[in-house]
Amino acid sequence: MTTAQTQELDVQPTPLALLLLGREADPRSERGVECPGDLPSPSDPDLVARARAAKEKLGDKVFVLGHHYQRDEVIQFADVTGDSFKLARDAAARPEAEYIVFCGVHFMAESADILTSNDQKVVLPDLAAGCSMADMATAEQVAECWDVLTEAGIAEQVVPVSYMNSSADIKAFTGKHGGTICTSSNAERALNWAFEQGEKVLFLPDQHLGRNTAVRDLGMSLEDCVVYNPHRPNGGLTAKELRDAKMILWRGHCSVHGRFSLDSVNDVRERIPGVNVLVHPECKHEVVAAADYVGSTEYIIKALEAAPAGSKWAIGTELNLVRRLANRFAAEDKEIVFLDKTVCFCSTMNRIDLPHLVWTLESLAEGTLVNRIEVDRETEAFAKLALERMLALP
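Residue indices follow the written sequence of each chain, beginning from 1 at its first position. Two thresholds apply to this predicted model, a pLDDT of at least 70 for residue-level local features and 80 or more for giving and counting side-chain atom pairs, whereas whole-chain, interface and lining totals are computed over all residues. Note that the side-chain values use all heavy atoms of the structure and ignore hydrogens as well as water.

Trainee: Outline helix α14 (residues 297–306), supporting the account with residue identities and numerical values.
Mentor: All of the buried residues in α14 are T297, E298, I300, I301, A303 and L304. Each element contacted by the buried residues of α14 is listed here: β2 (80–82), α5 (84–92), β10 (276–279), β12 (312–316), α15 (319–329) and β13 (335–338). Partly exposed describes any residue whose relative accessible area lies between the buried limit of under 20% and the exposed limit of over 50%, with all areas from a 1.4 Å probe on protein chains only and scaled to the type maximum. To qualify as a helix, a DSSP run of H or I must reach at least 4 residues; to qualify as a strand, a run of E must reach at least 2; elements of each kind are numbered from the N terminus. We call two residues in contact when some of their heavy atoms are within 4.5 Å.

Trainee: I'd like a description of the side chain of N165, backed by residues and values.
Mentor: Mapping N165 onto the fold places it in the loop between β5 (158–163) and α8 (168–176). In this structure, N165 is in contact with S84, F107, M133, A134, P205 and E282, ignoring residues within four places of it in sequence.

Trainee: Explain the sheet that holds strand β9 (residues 247–250) residue by residue, including any values.
Mentor: What links the strands of a sheet is backbone hydrogen bonding, and the strands pair in either a parallel or an antiparallel sense. When DSSP locates at least two bridges between a pair of strands, those strands are taken to pair. Spatial strand order, β6-β5-β7-β9-β8: 5 strands in an open sheet with parallel pairing. One side of each edge strand has no neighbouring strand; the edge strands of this open sheet are β6 (180–182) and β8 (225–228). Averaged over all neighbouring strand pairs, the angle between strand axes comes to 25°, with direction disregarded. Bridge analysis of β5 against strand β7 (residues 200–204) gives 5 bridges, and the strand direction is parallel. Paired with V161 across the two strands is F203, which belongs to β7. Lines are fitted to the C-alpha atoms to define the axes, a helix being fitted only along its stretch in contact, and any angle between axes, read from their N-to-C directions, falls within 0 to 180 degrees. Its contacts with the sheet place α8 against β5, β6 and β7, and it is angled at close to 150° to β5.

Trainee: Give me unusual backbone geometry: which residues, what numbers.
Mentor: Backbone torsion omega between L204 and P205 reads -20°, so that peptide bond is classified as cis. Tracing the backbone through its elements, the reader meets P205 in the loop between β7 and α10 (207–217). The phi torsion at N234 lies on the positive side, around 55°, for a residue other than glycine.

What follows is the structure, given as structure tokens:
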């Protein structure tokens, strides 16, 4: 469609479309796509040496965090690696580091800013490195959802539980309304705690982790769960459906884990006899039900470390990690393959590349603070309250 035709139809691009096209920024999450100055060329053969030199110049002033899903070219410069919550805690444990460079995505950097001291500055090498799942629940949408629950007469019975993969705004909402945060490792404990506080749970923003934990771990039925769709009036649910439900699941998902299907599981079992299927709980319920093992990123790594030589594994999680694990354990004769035939990286996580990291480290080494992620004090206070409830879980 031409520009003239668009104007004739009076079609206006949405803010999200402009953001994806690189023509706009999101002031609430500070996400945009432009960096001051020029990025180094990705073909620059000196990128590794430049990153190493800038990091050495900064010394103890910088602490680089690398999420498991990052590409190898970035991971090599990480002082620690891990999942999002582990990395945020690692950052808080390094108060002498003036700069925390988070090689991950936006919500992870926000969590690090919430947990670190006010003197520390959290930096995200590319502000456009977001998370599609976290973006599926906005503060306005969740506030509207709470109004719907109030009108249905059940808000006082509902305890919000938000996955770590959520924005600071959603974590703050959770803290303000008496709820807690969870990770994929402690979701069962978080839900048990929540049901001790109230009769129902509003689980944000990943429906699959909420459903899998409720059904697989807590013994609920699929009928105990309803899905709240923020794009439909009243979430697409009747007041009776809300009153009858135990788990009110937000209609969100991980774009990577959501790609795995039951066909993927059946296909890999046919191709590789005796294979162990190990998947992340962000996968769809039918995939989790068909798998041999289910667990968080850290669980997946530990399971493969403990696996006997000669064993075969199909892993349902992000490809960068699967490939890294396959290379790591090849010498132990462990066959590790990606669960799906289709190659699927986390596109937003992969925005953190070597040119962005070099630009970040060189800017900091020159005394220029770039791409700082800073959560406002009120949001931080309520978000920290929710995180502290998680840390206090039995």
